[in-house]
2 protein chains.
Amino acid sequence: MAQLRQLHLGAFLRPTTIHTGAWRYPGAFPDANFNFAHLKRFAQTLERGRFDAFFMADHLAVLNMPVEALKRSHTATSFDPLTLLPALATATERLGLIATASTTFEQPYLVARRFASLDHLSGGRAGWNIVTTSNPDAALNFGLEEHMEHDERYRRGREFFDVVTGLWDSWADDAFLRDTQSGVFFDPDKLHVLNHKGPYFSVRGPLNIARPIQGWPVIVQAGASEAGRQLAAETAEVIFGATSSIEEGRRFYADIKARMAKLGRAPDSLKILPGAFVVIGRTEEEAQEKRARLDSLVHAESGIASLSIALGHDASLFDPDAPLPEIPQTNDSQSGRERVLRLAAREGLTVRQLAQRLGGYAGLAMVGTPRAIADQMEEWLTTEASDGFNVMFSHVPDGIDEFVDLVVPELQRRGIFRRDYAGSTLRDHLGLKRPENRFFRDAVTA
Amino acid sequence: MAQLRQLHLGAFLRPTTIHTGAWRYPGAFPDANFNFAHLKRFAQTLERGRFDAFFMADHLAVLNMPVEALKRSHTATSFDPLTLLPALATATERLGLIATASTTFEQPYLVARRFASLDHLSGGRAGWNIVTTSNPDAALNFGLEEHMEHDERYRRGREFFDVVTGLWDSWADDAFLRDTQSGVFFDPDKLHVLNHKGPYFSVRGPLNIARPIQGWPVIVQAGASEAGRQLAAETAEVIFGATSSIEEGRRFYADIKARMAKLGRAPDSLKILPGAFVVIGRTEEEAQEKRARLDSLVHAESGIASLSIALGHDASLFDPDAPLPEIPQTNDSQSGRERVLRLAAREGLTVRQLAQRLGGYAGLAMVGTPRAIADQMEEWLTTEASDGFNVMFSHVPDGIDEFVDLVVPELQRRGIFRRDYAGSTLRDHLGLKRPENRFFRDAVTA
Ligand SMILES: Cc1cc2nc3c(=O)[nH]c(=O)nc-3n(C[C@H](O)[C@H](O)[C@H](O)COP(=O)(O)O)c2cc1C
Ligand SMILES: Cc1cc2nc3c(=O)[nH]c(=O)nc-3n(C[C@H](O)[C@H](O)[C@H](O)COP(=O)(O)O)c2cc1C
C-alpha cells in the first residue's frame, strides 16, 4: 500500500502561546515564556509527539502596542531565540529547532555563523525563519528613525539570503583533514572565499565554521505580501502561512506552487504550514467553553482597542453586552472590517466577546474533540490546502500535553503522521534534500 | 584565621587551546574545537576543578594569517560563542560562562538581549568579554573596506557599553507581577525607556527581556593599549591581561588599580587575570620535554614566518639548527624584537626552536611540576601581580585533566583556591557586587 500524504507539524511558540489571555488560564504556567525548566519540558513533550520542529518567533522590540494593553501580555519579553535553542538542543535528540532572525537588523556573517553553530550543535536540526521584520518599533532600537520601506526590506532580505547561503558553502564537506602526521588541518583547495559585493552587503568570507550538517539549515519564510510570497517561492523550504479558512488555504497553496513551477522548483521542495490555533475538549461543547473562557481572560479594554482598529470605528461607544450594531462604511481597511463582521455574525458574539476574540487570537482556529481536529487537519492535507500546520497551543502546559496525548495518536491511527522519526535531521523529518554546495561537489550527498 | 587572598581561575578556550601544535599532540582530540561532546566534557571537568569561568575567545574572520600557515591551525574555525555557551550552560551548574562579543561589528540591542538570555538560562553565570576586534580581516566581512581606526573603535566601544548596560536596566527586578487575578503581567512604572541618542547609536529601548539575574553579566575586557586600559579601568570587572613576566604583571596591576582609584572605583571591584600557558609534568624535566615536543609539532615554515615578523628580518635565511646569529637593528617593532632576542638567549634555543615557540605560544608560560606551578601562581597572587589567571591548557583533554587533578588540589591545600563554590553566580565566584539598577532602586540588592 502506498504511503498516504504525510502531515508536518511545527509548534509555534514565542516561546509560549500567542493568546494574550493564556497565561491566566487555570493551570497555566504564567511565567512559561521565561522559565527554562518549563520550556525544556515543552520541547521534550513535542519530541515525544514526533513534531517536526519547535518554532520560535521573534520580535525586536517591546513597545508594539500601547503600554496599557502591553502590560497585560506575556509576550512583552522573551529569550533571544538563538540563545534559547542551543540550550533546548541539548535537552532533545530529534526535534527540529527553528529560530527567527531578521534580515533588516542583523548582519549576514553573524547570522550565517550562528545558524551553522546551532546546526552542528544539534546534529542537523536547525532552521532559519527569515523575516524582514514588519514591526516599525524595532527600527528605533537599531538607529533608524523610520522603518525601512517594505520593498527595500525584501530586496535587502533577498541579498542577505544569498550572502548567508554563500557563506554556508565556504567549506567542502571533506575540507577538514585533521592529519596529525602531516600537520595539515584543512585542505586549502576546499575553502571558498565568497567575495560578495552587492548593493546592501560586502562580505568577503569565508565563514569560520564548517558547512552545516544539513548543508544549509532549513529555510523558512512567513511573509504574506506579494514580495514575501515571491521570496518564499524562490528560496523557502517551509512557509508558515496565515490563511484563515480552508478556501483561502487552497488559493495560497496553489499560488505558491504555481510560482515555484514557473521558477522550475519541484513542488514538494517547499512545505506550506499555516498557523492553526488549537483548543481541545473531550466534547465539542467543552472545547467551545474552553475557548470562551480563554477569550474572557483577555482584558476587555485591550480587546476593544483591537476591535476599534479592525472596524475603523470607536467600539467603546457600543453596548459591550449587545450584538455589534450597524456601522457606517469608512475608508479604512475593508478586508479586516468585513472579516470581523462575518465572524460576529457566524458565531453570534457580543461586542465584548468579539473584542476579546480579536485581542486573543482571531486567525485560523480548530476547536473541538481530538477527532474533529484530526478531521480538519486531514481535510486540509488531502485537499492541498496545506502540507501540515504550525500549531499554536491554547495554553501551556495543558494545551501541548493534550495535543500530544490526544490529537497526535488520532493522526497516527489514520496513517497521516509519523509514529517515529525516520531520520535524525530536520530535513529528514520534512522530506527535504540536502542542498548541494554551489562551489564544491559534495563528498556525501543525500 | 583571616582568609588568605583567593586566586581566580578562568579557562581560556577558543574553544580548545591556543597552541597551534596542540591538536597533533599524542592523545589530543584533533577535532576538539568542533565536537560538542568533547567541549561538554571539558566544561564539566573545569567545574569539578571549581574554575570561576569558561572563557570563549572569538574572531570574526578566518583569514588572519596566510593560508599556508592557517591550514595547519585548528583555530581556523569554531562555534559562535553565544551559541555554544547556552548549550554548555545546560551541562554545568556553577561554572561561569564568558563569551566574547565585538562592539565594532555587532548591534547593542542584540548583544544586550543575548547576554541577558544567557544569564537567565544559566542562573546568573554569564560574562561579556568586550572586544573592539583588532583583526582587520574581520572588517571585510562586515561591509567595511578598511578597519575602523583604533581610537574610534574604542569611542564606539564605550558608547556601546553604555547602551547595553542601560538596556539591561530596562526593567526593575520586581516589574513582573504575573497577577492572574487582575490580569496585569507587569507594572508599567517599573519599565524604563532608554531613549539613547549618541554619536554612534540611537536606541530607544526598552529591552524585551527581564533584567539579568546578575543585574549585569560580568564585564570583561582584554584591551592592552592606552585606550583599552582606560576603558577597562572605567568599566571592566575582569581584565584578561597579556603581561609576560611577573614584573610586567606588577606594573600593569598597579597601573590599572591607580586608574581606578582616580575614578573612585574600589580596587577589588576589578580582577586582573593574565593569560598563563601551563605545561604540567611529574618532574621539571618531563614538563620541559612536553613543551619541547609541543613546539616541535608547530610547522617549521609557519614558525619561521612568525619569527621573521618579530625580528623584522627574513629568518628563512638562517641555519635552522644553529643559534640565532647577530642581526642588524631595524626600524620595525623594537620591543617585539628584543623580547625574542632575550628569549633565545635565556633558553638557548636554535632558530627552528625559537620559530616554533613563536608559532606555538610565546607569552607567559608556567612549565613544571604542579608544585612549581602553584608556587608561581601564589607568588603572582601575593605580590599583587594578578588576582588569578586565565589558564591556557597545553593540549586537550590531558592538559585540562592534569590541571584539575594535580594543580588545583595543590592550590587548595595552600588555602588560596576554593574547595567548593560558595555561591551560584559568576559574580559570587569572583566576589563582585550586583550592580544597582540606574533607573530603579532594586528590590533585592546583594
Ligand atoms: C505564522 C507567522 C509567524 C510569524 N513570525 C514572525 C516573527 O517571529 N517575527 C517577525 O518579525 N515577523 C513574523 N511574522 C510576520 C511575517 O514575517 C511578515 O512580516 C508578515 O506576515 C507580513 O508580511 P509581509 O512582510 O510580506 O508584508 C510571522 C508571520 C506569520 C504568518
Ligand atoms: C587574553 C586575551 C584574550 C583576547 N581575546 C580576544 C578575542 O577573543 N577576540 C578579539 O577580537 N580580541 C581578543 N583579544 C585582543 C584584545 O581585545 C585587544 O584587541 C588586544 O589586546 C589589543 O589591544 P588594543 O585593542 O587595546 O590595542 C584578547 C587579548 C588578550 C590579552
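Predicted, not measured: the structure shown is a model, and the values here were computed from it.

**Describing the overall build of chain A**
Step number 1: For chain A, the helix and strand inventory stands at 15 helices and 14 strands.
Step number 2: Whereas a compact globule of 446 residues would reach a radius of gyration of roughly 22 Å, chain A reaches 23 Å, a difference of no more than 12%.
Step number 3: By principal-axis analysis of the C-alpha atoms, chain A measures approximately 80 × 55 × 45 Å.
Step number 4: Taking all 446 residues of chain A together, the buried fraction comes to 63%.
Step number 5: Within chain A, contacts between residues separated by at least 24 positions form 77% of all contacts whose residues are at least 6 apart in sequence.
Step number 6: Between the averaged position of the 50 positive side-chain charges in chain A and that of its 57 negative side-chain charges there is a distance of 3 Å.

**Some remarks on the site of ligand 1**
Residues and elements named next belong to chain A.
Step number 1: Around ligand 1, a shell composed of 17 residues is seen, among which D58, H150, Y154, A224 and S225 lie nearest.
Step number 2: At a separation of 3.5 Å, an oxygen atom of ligand 1 approaches a polar side-chain atom of S134.
Step number 3: Between ligand 1 and the protein, one listed contact pairs an oxygen atom with a side-chain N or O atom of S225 at 2.5 Å.
Step number 4: For ligand 1, whose free accessible area comes to 610 Å², the fraction covered by protein is 83%.
Step number 5: Broken down by class, the residue content of the shell around ligand 1 amounts to eight nonpolar, eight polar and one charged.

**Structural notes on the pairing of strand β2 (residues 53–56) of chain A**
Strand residues, when the strand is regular, have side chains that alternate between the two faces of the sheet.
Residue and element names in this part refer to chain A.
Step number 1: Going residue by residue along β2, you find A53 and F55 tucked away on one face and F54 and M56 tucked away on the opposite face as well.
Step number 2: Taken together, the four bridges between strand β1 (residues 8–13) and β2 define a ladder with parallel strand orientation. Directly across from G10, in β2, lies its bridge partner A53.

**Some details on the packing of helix α10 (residues 300–311) of chain A against helix α11 (residues 334–347) of chain A**
All names here are of chain A.
Step number 1: One can describe the packing of α10 onto α11 by two numbers: an axis separation of 7 Å at closest approach and a directional angle of 120°. The orientation of α10 relative to α11 falls into the category oblique. Contacts between α10 and α11 involve L307, A310 and L311 from the former and G336, R337, V340 and L341 from the latter.
Step number 2: The class makeup of the residues in the contact of α10 with α11 is five nonpolar, one polar and one charged.

**Considerations on the interface of chain B and chain A**
Note: interface size is frequently given as the accessible area lost on complex formation between the parts.
Step number 1: Contacts between chain B and chain A engage 72 residues on the former and 73 residues on the latter.
Step number 2: The junction of chain B with chain A conceals about 6,400 Å² of combined surface from both sides, 63% of it contributed by carbon and sulfur atoms.
Step number 3: By the criterion of area lost to chain A, the three top residues of chain B are R114(B), F185(B) and R204(B), representing 10% of everything that side buries.
Step number 4: On inspection of chain B and its partner chain A, the count reaches ten salt bridges.
Step number 5: Here R204(A) and D137(B) are joined by a salt bridge, their closest N and O atoms 2.9 Å apart.
Step number 6: Taken together, the connections running from chain B to chain A amount to 33 residue pairs in polar contact (both at pLDDT 80 or more).
Step number 7: Elements supplying a minimum of two residues to the side of chain B that touches chain A: α2 (67–70), α3 (81–91), α4 (108–121), β5 (176–179), β6 (184–186) and β8 (202–203) of chain B.

**Regarding the relation of the copies chain B and chain A**
Step number 1: With an axial shift of 0.0 Å and an RMSD of 0.0 Å, the rotation relating chain B to chain A amounts to 180°. When the rotation and shift are considered jointly, the pair of chain copies conforms to a two-fold rotation axis. When each C-alpha of chain B is compared by its distance to the rotation axis, A87(B) comes out closest, at 2.2 Å.
Step number 2: Here 100% of the interface residues in chain B have copies in chain A that are interface residues too; the copies meet face to matching face.

**Concerning the sheet that holds strand β13 (residues 365–368) of chain A**
All names here are of chain A.
Step number 1: Read from one edge of the open sheet, ten strands run β11-β10-β9-β4-β3-β2-β1-β14-β12-β13, paired in parallel fashion. Looking along the sheet, the strands with just one partner apiece sit at the ends: β11 (271–272) and β13.
Step number 2: Alignment of strand β12 (residues 275–280) against β13, held across four bridges, turns out to be parallel. Residue pairing in the sheet places V279 in a bridge with V367 of β13.

**A short note on the packing of helix α3 (residues 81–89) of chain A against helix α4 (residues 108–121) of chain A**
All names here are of chain A.
Step number 1: At their nearest, the axes of α3 and α4 sit 10 Å apart, and the two run at 10° to each other. As judged from the angle between their axes, α3 and α4 are roughly parallel. Of the residues in α4, those in contact with L82, L85 and P86 of α3 are R114, F115, L118 and L121.
Step number 2: Here the residues of the contact of α3 with α4 are counted per class, giving six nonpolar, no polar and one charged.

Cut-offs and rules
- As a convention, each chain's residues are numbered from 1 in the sequence order in which they are written.
- For this description, chains carry letters from A and ligands carry numbers from 1, given in the order in which they are written.
- Confidence filtering applies because this is a predicted model: local features only for residues at pLDDT of at least 70, side-chain atom pairs given and counted only at 80 or more, and all residues used for totals across whole chains, interfaces and linings.
- Side-chain metrics in this entry use all non-hydrogen atoms of the structure; hydrogen atoms and water are not considered.
- Helix and strand definitions follow DSSP, with helices as H or I runs of at least four residues and strands as E runs of at least two, each counted in order from the N terminus.
- The globule rule is 2.2 Å times the number of residues to the power 0.38, and the radius of gyration it is compared with is taken over C-alpha atoms.
- In this scheme, a residue with accessible area under 20% of its type's maximum is buried, one over 50% is exposed, and one in between is partly exposed, where area comes from a 1.4 Å probe on protein chains only.
- In this analysis, two residues are considered to be in contact whenever any of their non-hydrogen atoms come within 4.5 Å of each other.
- His is not counted here, nor are the chain ends, while Lys and Arg score as positive and Asp and Glu score as negative.
- To locate a charge, the coordinates of NZ of Lys, CZ of Arg, CG of Asp or CD of Glu are taken.
- Nearness is defined per residue: one heavy atom within 4 Å of the molecule or strand is enough.
- As used in this structure description, the phrase polar contact means that two N or O atoms lie within 3.5 Å; if the pair is within protein, one of them must be able to donate a hydrogen and the other to accept it, and residues adjacent in sequence are counted only when both atoms belong to side chains.
- Per-residue and other accessible areas follow the Shrake-Rupley method at a 1.4 Å probe size, with only the shown protein chains counted as cover for residues.
- The classification used treats Ala, Val, Leu, Ile, Met, Phe, Trp, Tyr, Cys and Pro as nonpolar, Asp, Glu, Lys and Arg as charged, and all other residues, Gly among them, as polar.
- Any two strands between which DSSP finds at least two bridges are classified as paired.
- Angles here are taken between N-to-C directions and fall from 0 to 180 degrees, while the axes themselves are lines fitted to C-alpha atoms, restricted in helices to the stretch in contact.
- Any angle that is under 35 degrees is reported as roughly parallel, and any over 145 degrees as roughly antiparallel; angles of 65 to 115 degrees are reported as roughly perpendicular and all others as oblique.
- Simply put, the buried area is the total loss of 1.4 Å probe accessible area from both parts when two parts are fitted together.
- Salt bridge criterion: a side-chain nitrogen from Lys or Arg within 4 Å of a carboxyl oxygen from Asp or Glu.
- The superposition of copies rests on a least-squares fit of C-alpha positions from residues with pLDDT of 70 or more in both.

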